[in-house]
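So you can see what is in the structure, the chains are spelled out below.
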Amino acid sequence: MSTAWRIGVDSRRCIGTSICAGTAPEHFRLVDGLSAPLADVVAPAEVIIDAADSCPVEAITVRDAADDRLIAPEE
Amino acid sequence: MTESAQTADSRVVPPARPYPFSVPDRLVVDPTYGELRENEPMTRVKLPYGEEAWLATRYEDVRTVLGDVRFGRAPAVQRDEPRLTPRQQYSGMLTMDPPDHTRLRRLVAKAFTARRVEALRPRAQEIADALVDDMVRIGPPADLVEHVATPLPIQVICELLGVPYADRDRFHLWSEAIVSTTSLPPETIQEYLNNLWGYIGDLVAERRREPGIDDLLGVLVRARDENQDRLSETELVELAAGLLAAGHETTVTQVPNFVYVLLNNPDQLARLRADPSLVPAAVEELLRYVPLGVGSSFARYAKEDVEVGGVLVRAGEPVLGSLSSANRDGAVFADPDRLDLGREQNPHLGFGHGVHHCVGAQLARMELQVAVATLVTRLPGLRLAVPEAELQWKRGMLVRGLLGMPVAW
């Protein structure tokens, strides 16, 4: 079980729906209309996967901070 | 109200205006929105049914109301929600807030990502080409609504969800229940919803008899059967029925709306014909430009006191955000009332904003791109086959659009 996750937001893909900021406001906010994580490396939390899986353009990736394994989005 | 209470509550609450401001006229945006954005960006409105509400008209304020977590949809269930429909209807995900909303949204969001939708594009193109072939074979004048705009999105959502296309006449009729305000009597709306739920219920039972079918309905049924906490049986049926109905009703309406706007802007249509690579940008501009909704619906309730547009919205008060008004805000869109298919910065709110941002947005985009590109390139002489004044517009619905669109080419 990983102890820390790294959140990435691809600003070229992001279309600024704010679904992530509404789903996980403690982890995402909108800056100049686009999503940005509040912190890049965070303690694992299910709600971060919810946000990544809810993004319509798959702009959010969640990886294990230790070994870079992809945790979300699935597939 | 006592004098001391007035002093404590120093905000000015203007008298409510009847809303919508006028009877919808084709795709005209009521000029009242422009005046309000200028002079009274947060105003009070009274819809035909339900309690009074605030109405936000500026882009930034509408985004705040729809996107800020201090606002929510869940309280609507306990309130006399401002609405256009005589009866208050609850629409699953749209009356939920996170984390409840997230639980359902996550299950379906993956089927509608840009990547998944892109994989459906060749099939959508094939369907569109076949429909235009058939229409051309019949010859002009032909009804674009009947021959292209309606069957294209229906066939795509049928294949995605796993609903037999042969049943389209039945469920398309029932689907009007989700966009009807007064076009159908309340009892008929309820009857159609019951029919739709019953129909989906039968398909769910079928998936259980034949597990392993890989369409979205099969995925949802498996999600429920693997973990009963993920969604209830009612949620499963209402969710699938909502996807089927919403999955085509709006696109069916927007294809003729887009064609109508293009025919009324011949310079822009010529530009698109000369350079079909403009199609994606053109679709975004048309999504911005067309005021699809009649008025505004689905008020957000303040969970705490929030200042929006210089007004203090009290905890518990409902606020509507006008997407059509936001999309014409000159603070964000240069020359906002002009259709410019090459517009580069176009962060329109045509699909809404925040957690309720249209779950089918990427699918709708793709279908609209396919429809516009196919019609523009294959029918260079596309035109109305009747005088514009004879076109029949929808009445008593949440959306504006044409009942029929006789065209020649």
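All of these numbers come straight from a predicted model, not from anything done at the bench.

All names here are of chain A. Read across the open sheet, the four strands follow the order S4-S1-S5-S6; overall the sheet is antiparallel. At either margin of the open sheet sits one strand with a lone partner, and together these are strand S4 (41–42) and strand S6 (70–72). In this sheet, S6 lies alongside strand S5 (residues 60–64) in antiparallel orientation, the contact comprising two bridges. Bridge pairing in S6 links Arg-63 to Leu-70. Together, strand S1 (5–9), S4, S5 and S6 form the strand contacts of helix H2 (residues 46–54), whose direction differs from that of S5 by roughly 140 degrees.

Let us look at the interface of chain A and chain B. Between chain A and chain B, the contact holds 15 residues from the first and 19 residues from the second. Contributions of two or more residues to the side of chain A that touches chain B are made by helix H1 (19–23) and H2 of chain A. Here the side of chain A that touches chain B takes four residues from H1 of chain A, the largest share from any one element. Taken together, the residues of the side of chain A that touches chain B break down into five nonpolar, seven polar and three charged.

This paragraph deals with the packing of helix H8 (residues 168–175) of chain B against helix H9 (residues 186–209) of chain B. All names here are of chain B. Following both chains from N to C, one finds H8 and H9 inclined at 135 degrees, their axes separated by 8 Å at the closest point. As judged from the angle between their axes, H8 and H9 are oblique. As for how H8 packs across H9, the hand of that crossing is left-handed. Seen from H8, the contacting residues are Phe-171, Trp-174 and Ser-175; seen from H9, they are Tyr-192, Asn-195, Leu-196 and Tyr-199. Grouping the amino acids of the contact of H8 with H9 by side-chain chemistry returns five nonpolar, two polar and no charged.

Reading the values: the criteria
Residues numbered from 1 in each chain as written. Chains lettered and ligands numbered in written order. Predicted model: local features only at pLDDT ≥ 70, side-chain atom pairs only at ≥ 80, totals over all residues. Pairing = 2+ DSSP bridges. Helix = DSSP H or I, 4+ residues; strand = E, 2+ residues; numbered from the N terminus. Contact = placed C-beta atoms within 7 Å. Axes fitted to C-alpha atoms, helices over the stretch in contact; angles between N-to-C directions. Nonpolar A, V, L, I, M, F, W, Y, C, P; charged D, E, K, R; others polar. Parallel < 35°, antiparallel > 145°, perpendicular 65-115°, else oblique. Left-handed = near helix turned anticlockwise from the far one by under 90°.

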